[in-house]
Amino acid sequence: MKEIIRLENIRRDFHVGGETVHALRGVSFTIYEGEFVTIMGTSGSGKSTLLNTLGCLDTPTSGEYYLDGVSVRTMGKNDRATLRNRKIGFVFQNYNLLAKTTAVENVELPLLYNPNVTAAERRERAIRALTSVGLADRLEHRSNQMSGGQMQRVAIARALVNDPAVILADEATGNLDTRTSFEILVLFQELHARGRTIIFVTHNPDIARYSSRNIQLRDGHVIADTQNDEVLSAVDALAQLPVTDE
Amino acid sequence: MNVTNLFKIALRALANNKLRGFLTMLGIIIGVASVITMLAIGQGSKRSIQAQISEMGSNMIMVHPGADRRGGVRLDAADMETLKLQDYNDIVSECSYVSLATPTVNSSGQLIFGANNTPSTVYGVSPEYLDIRRYEVEDGDFFTEQDVLTSAKVCVVGKTVVDNLFTNGENPVGQVIRFGKIPLRVVGVLRSKGYNSMGMDQDDLILAPYTTVQKRMLAITHLQGITCAAVDERFTDQAMEEIAEVLRRNHKLQRGDDDDFTIRSTQELSEMLTSTTDLMTVLLAAVAGISLLVGGIGIMNIMYVSVTERTREIGLRMSIGAKGRDILAQFLIEAILISVTGGIIGVLVGVCASLIVNAAAHFPIYIQPWSVLLSFAVCTVAGVFFGWYPARKASQLDPIEALRYE
Ligand SMILES: Nc1ncnc2c1ncn2[C@@H]1O[C@H](COP(=O)(O)OP(=O)(O)OP(=O)(O)O)[C@@H](O)[C@H]1O
Ligand SMILES: [Mg+2]
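Residues numbered from 1 in each chain as written. Chains lettered and ligands numbered in written order. Predicted model: local features only at pLDDT ≥ 70, side-chain atom pairs only at ≥ 80, totals over all residues. Heavy atoms only, no water.

1. Focus on the confidence of the model for chain B
Confidence in the prediction for chain B averages 86 pLDDT; 96% of positions are at 70 or higher. For this predicted complex, the interface confidence reaches an ipTM of 0.93, while the overall pTM sits at 0.72. (pLDDT = per-residue confidence, 0-100.)

Right under this line is the structure:
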């Protein structure tokens, strides 16, 4: 199996007013292509810090990080930006779509920062990504004309459009109701089934049962790393939800 | 990162907030428009003064009675009667640098023709006046030396007088009009010269032999002025010296006595007026420049606010691969697009405003290409300059911080 992410003893210290906060205290693990990993832990355990490191937004204080075989720690700002552009897809809790911008334009955004992609190709790929998240009929809808679930789908399409090595999601279902959360989870499972590598940070222990692997953090340490042999199907779970709303 | 994409990004960002873009532009529009309008007015008055002076005759010299006491009070009416016909005759015969000269006396009053009457001023002159002031006769003839000798009751009228008196389209030449009680036969009509830069109608006048005005209207023997033309404008100073010499001798002034007359040349006048209009232009341009500066600060302010307002957007762009310089470029391009568009609109508004000022207030304007270029360049530079700082601040944001920004 191909290794996508390798962390070796990652530490991240923050210095706040003379005090040092150890957000990550020596985290090591390897993630292979096609894994659907959930990262869990209490608030302040370092999940977001870890995800930012994985997403090349943050550099660790010490330790080695290899993304797709490339060492990230020694990279400069601009190289990391390029790396994010080509290898990483982010999905945020609050969607972070551009205001008053159509779905297609939002999804095209990462490709605009890639000079190798032509305008025609850009649009075509954006439409393909939107179709794959079930929004083929919402291409020209603006972000303020969509529901939370739809906005998150657009965000997922945007994370997919550059064909990344890994998709990173931080509380991607945190702002959604149960039903919509499951719909998004169905989507992630579909992506997983198609061979995407996904790292999904969540508070919700239920969600871990729908992923193939679960990593638990506490105080900046990995305290558990378990393979899930009985991955539940989100489609089934969705079918069993009582249809109360509309 | 390619430039077309950056433009696309900046354009989309602007299109998403048209009102903000427009408000930012407003400062620039007003700045550029006012610079252009102010300079157009300043340059326009300067040019029209120059044009008027050269029309009037740039070699013209005017002699008036009374000492040159600018702003002072003239106590004695006799002071004003020092110029005599002899002075005029001597200037004509003795001053080699003076090519033409005419006595001047004038009288204001009511002009009457049929049922029409209009207030006007009759200028008493000799036929040389025509050449000195560069008037032309359009219709009929000018009065002659003979008319001067006989104090003939004849006159030559300007277009405005014709329009006011001959409302039924009669041919003025040969008609008899009345100036107060004195009937005057119209022998010619002057070609129109239009308004001068002070908004004075140069066609609202009647010329009559100076003898007629002196004897029949004013009952005086002295002259109110002598208007001369130097042989060439380069010899204006020499001509003025010669005239002063003749007058001092005729008036029996001793060494050390003040002149009892004043000599002015259009050249002096021109220099004086030009320096006034130059000062006016500088002041107007300064006012306009300040509004351009305020416009620039407006750009900076709005760009700065928009950087703060759009922190999350910047964080997002960075997280999906925008480099610091892409963000810098985006914000700079936004600022430049705003200021260039604002500049273009400002130029159009400025040109229109100038034309309106010209049409509505008869104010002479002249839009100088360099003033358009200059204000446009200044506004673009202001856009870049004032857009740069907020853009740089945006580009230096930490993506994580920016994403977390509430
Ligand atoms: N920029 C920062 N400066 C200082 N300390 C920070 C910074 N970012 C995170 N921390 C600290 O690092 C620790 C881990 O924070 P992190 O955001 O990774 O937690 P988390 O697991 O994502 O929590 P939550 O579930 O509430 O989102 C916390 O103690 C936090 O205070
Ligand atoms: Mg977090």
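2. Notes on the sheet that holds strand β2 (residues 19–32) of chain A
Residues and elements named next belong to chain A. Pairing is antiparallel in the open sheet, where four strands are placed in the order β2-β1-β4-β5. Sheet topology places β2 and β5 (70–71) at the edges, where each strand pairs with a single neighbour. Where strand β1 (residues 3–16) lies against β2, 11 bridges are found, and the strand directions are antiparallel. Paired with R12 across the strands is L24, a residue of β2. (Pairing = 2+ DSSP bridges. Helix = DSSP H or I, 4+ residues; strand = E, 2+ residues; numbered from the N terminus.)

3. Regarding a nonpolar patch on the surface
Taken together, the side chains of L19, F22, L23, L26 and I30 of chain B define a hydrophobic patch exposed on the protein surface, amounting to about 470 Å² of accessible area. With respect to the element layout, L19 of chain B can be found in helix α2 (residues 18–56). (Patch = residues over 30% accessible without salt bridge, like charges linked within 9 Å, V, L, I, M, F, W, Y side chains within 5 Å. Areas by Shrake-Rupley, 256 points an atom, 1.4 Å probe, with all protein chains shown as cover. Salt bridge = Lys/Arg side-chain N within 4 Å of Asp/Glu carboxyl O.)

4. Describing unusual backbone geometry
All names here are of chain A. Here E171, not a glycine, exhibits a phi torsion of approximately 55°, which is positive. Note on placement: E171 falls in the loop between β7 (166–170) and α6 (178–193). Of note, the phi angle at D219 is positive, near 50°, even though the residue is not glycine. Assignment of secondary structure puts D219 in the loop between β9 (213–218) and β10 (221–227). For D219, a relative accessible area of 48% translates into the label partly exposed. (Buried < 20%, exposed > 50% of the residue type's maximum accessible area, 1.4 Å probe, protein only.)

5. Re the side chain of T262 of chain B
Following the sequence through the fold, T262 of chain B ends up in strand β10 (residues 261–265). Polar side-chain contacts of T262 of chain B include one of 2.7 Å to the backbone oxygen of G66 of chain B. (Polar contact = N/O pair within 3.5 Å; in protein donor to acceptor, adjacent residues only side chain to side chain.)

6. A look at the pairing of strand β4 (residues 62–67) of chain A
All names here are of chain A. Direction of pairing for β1 relative to β4: antiparallel, over a ladder of five bridges. Across the sheet, the residue bridging to E8 is E64, located in β4. Two elements, β4 and β5, share two bridges in a ladder whose sense is antiparallel. Residue Y66 lies in a different strand from β5, and its bridge partner there is S71. As consecutive antiparallel partners, β4 and β5 are separated by two residues, and within that stretch D68 has a phi angle of approximately 55°, a positive value.

7. Notes on a negative patch on the surface
All names here are of chain B. On the surface, a cluster of negative charge is contributed by D237, E241, E245, E268 and E271. Those elements that provide at least two residues to the negative patch are α8 (236–250) and α9 (266–309). Ranked by the residues each element gives to the negative patch, the list is headed by α8, at three residues. In this fold, E241 is placed in helix α8. (Lys, Arg positive; Asp, Glu negative; His and termini not counted. Charge placed at Lys NZ, Arg CZ, Asp CG, Glu CD.)

8. Thoughts on the domain arrangement of chain B
It is common to report an interface's size as the accessible area lost on association of the parts. The domain architecture assigned to chain B consists of domain 1 (3–52 + 272–404) and domain 2 (81–259). Taken over C-alpha atoms, the centre of domain 1 of chain B sits 54 Å from the centre of domain 2 of chain B. (Domains from an automatic or database assignment.)

9. What to know about the site of ligand 1
The environment of ligand 1 is formed by 15 residues, the closest being S43, G44, K47, S48 and T49 of chain A. At the site occupied by ligand 1, nearby residues are drawn from chains A and B. In this structure, S48 of chain A approaches ligand 1 through a side-chain N or O atom, which is 2.7 Å from an oxygen atom. Within the contact set of ligand 1, an oxygen atom lies 2.5 Å away from a side-chain nitrogen or oxygen of T49 of chain A. Burial of ligand 1 by the protein chains amounts to 69% of its free accessible area of 630 Å². Element by element, the count of residues in the shell around ligand 1 is highest for helix α1 (residues 47–54) of chain A, at three residues. Within the shell around ligand 1, the residues separate by chemical class into four nonpolar, eight polar and three charged. (Near = heavy atom within 4 Å. Nonpolar A, V, L, I, M, F, W, Y, C, P; charged D, E, K, R; others polar.)

10. Some thoughts on the state of the cysteines
Defined simply, a disulfide is a covalent bond joining two cysteines at their sulfur atoms. On inspection of all chains with the given rule, the structure shows zero disulfides over all chains. No disulfide involves C228 of chain B; its sulfur sits 7.3 Å from the nearest other cysteine sulfur, which is in C95 of chain B. (Disulfide = S-S within 2.5 Å.)

11. Here we look at the pattern of salt bridges
Here the structure, examined in full by the defined rule, presents 29 salt bridges over all chains. The shortest N-O distance in the salt bridge between R213 of chain A and E35 of chain A comes to 3.0 Å. Residue R213 of chain A is found in strand β9, and its partner E35 of chain A is found in the loop between β2 and β3 (36–41); the two are separated by 178 residues along the sequence. As far as burial versus exposure is concerned, R213 of chain A and E35 of chain A are alike and both buried. Close ionic contact of R191 of chain B with E138 of chain B constitutes a salt bridge, the shortest N to O distance being 3.7 Å. On the criterion of sequence distance, the pair formed by R191 of chain B in the loop between β7 (182–190) and β8 (206–209) and E138 of chain B in strand β4 (residues 137–140) is long-range, its members being 53 residues apart. Taking relative accessible area as the criterion, R191 of chain B reaches 38% and is therefore assigned partly exposed. It is possible to trace a salt-bridge network through shared partners that takes in E136, E138, K159 and R191 of chain B.

12. Let's talk about the sheet that holds β10 of chain A
Residues and elements named next belong to chain A. What the six strands build is an open sheet, ordered β6-β7-β8-β3-β9-β10; its pairing is mixed. The two strands at the open ends of the sheet, each matched to only one other strand, are β6 (88–91) and β10. Adjacent strand axes in the sheet meet at a mean angle of 15°, parallel and antiparallel pairs treated alike. Pairing analysis gives four bridges linking β7 to strand β8 (residues 198–201), with the strands arranged parallel. Note on β8: the bridge partner recorded for L168 is I199. Along the sheet, helix α2 (residues 77–87) contacts β6 and β7; its crossing angle with β6, the most-contacted strand, is approximately 80°. Docked against the sheet, α6 engages β3, β6, β7 and β8, running at close to 155° with respect to β8. (Axes fitted to C-alpha atoms, helices over the stretch in contact; angles between N-to-C directions. Contact = heavy atoms within 4.5 Å.)

13. A look at the environment of V189 of chain B
Residue and element names in this part refer to chain B. By the secondary structure assignment, V189 is in strand β7. Judged by relative accessible area, which is 3%, V189 ranks as buried. Separated by 53 residues in the primary sequence, V189 and E136 have C-alpha atoms spaced 8.6 Å apart. Sequence-distant contacts of V189, that is, excluding residues within four places in its chain, are made with E136, V137, E138, D139, V156, V157, V162, P172 and V173.

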